[in-house]
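What the coordinates show
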Amino acid sequence: MNTLKNSIRLVGNLGMDPDVKNLENNKKLTRLSIATNESYKNDKGEKIVDTQWHSLIFWGTQAKLAEDYLKKGDEVAIEGKLATRSYTDKDGNKRYVTEVVVNEFLKMSKQA
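Notes on the structure in this doc start here. (Residues numbered from 1 in each chain as written. Predicted model: local features only at pLDDT ≥ 70, side-chain atom pairs only at ≥ 80, totals over all residues. Heavy atoms only, no water.)

**Observations regarding unusual backbone geometry**
- The backbone of N25 sits at a positive phi, close to 60°, despite the residue not being glycine.
- With respect to the helices and strands, N25 occurs in the loop between β2 (19-22) and β3 (28-41).
- What makes N25 exposed here is its relative accessible area of 70%.
- A positive phi angle is found at N26, which is not glycine, with a value near 60°.
- Relative to the elements of secondary structure, N26 occurs in the loop between β2 and β3. (Helix = DSSP H or I, 4+ residues; strand = E, 2+ residues; numbered from the N terminus. Buried < 20%, exposed > 50% of the residue type's maximum accessible area, 1.4 Å probe, protein only.)

**Brief notes about helix α1 (residues 60-69)**
- Regarding α1, the residues found buried are Q62, A63 and A66. Seen from one end, α1 has its buried residues packed into an arc of 105°, which puts them on one side.
- Residues of α1 that are buried make contact with β3, β4 (47-59) and β6 (94-107). (Arc of directions from axis to C-beta. Contact = heavy atoms within 4.5 Å.)

**Some thoughts on the pattern of salt bridges**
- Within this structure, the stated rule accounts for eight salt bridges.
- In this structure, K21 engages D19 in a salt bridge whose closest nitrogen and oxygen atoms are separated by 3.8 Å.
- Of the charged contacts in the structure, one is a salt bridge between E99 and R85, with a shortest N-O distance of 3.1 Å. You can see E99 sitting in strand β6 and its partner R85 sitting in strand β5 (residues 75-88), a full 14 residues away along the chain.
- A relative accessible area of 8% places E99 in the buried class. (Salt bridge = Lys/Arg side-chain N within 4 Å of Asp/Glu carboxyl O.)

**Description of the pairing of β3**
- Note that strand β1 (residues 8-14) and β3 share two bridges and pair antiparallel. Within β3, the residue paired with L14 across the bridge is I34.
- Summarising the sheet, β2 and β3 pair through four bridges and their orientation is antiparallel. Directly across from D19, in β3, lies its bridge partner R31.
- A loop of five residues connects β2 with β3, the two strands running antiparallel in sequence, and N25 in this loop sits at a positive phi of about 60°. (Pairing = 2+ DSSP bridges.)

This is the structure we're talking about:
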């Protein structure tokens, strides 16, 4: 049950091609964004689609697989954990970022 304490699963479409960084000691980091959609009908019966964007972080082997197999528009299912970090921007303001650190992913769209 410990793995359920900080666990997130999302299914959506990638909003960008992989952004890959090769770090020291042959470590690899890949960043992506995923859009998840939820739809409902408002009081007038009109269909409303609410899109949420999530930042994804892949490390190591998962980063390499994401770089090799994923591209903008692909539908993917991901499983990971939430991580929050802070930084100071160029104007001296403290900013906070919440990202999903991906443990596993499954490409659901067909390859062209």
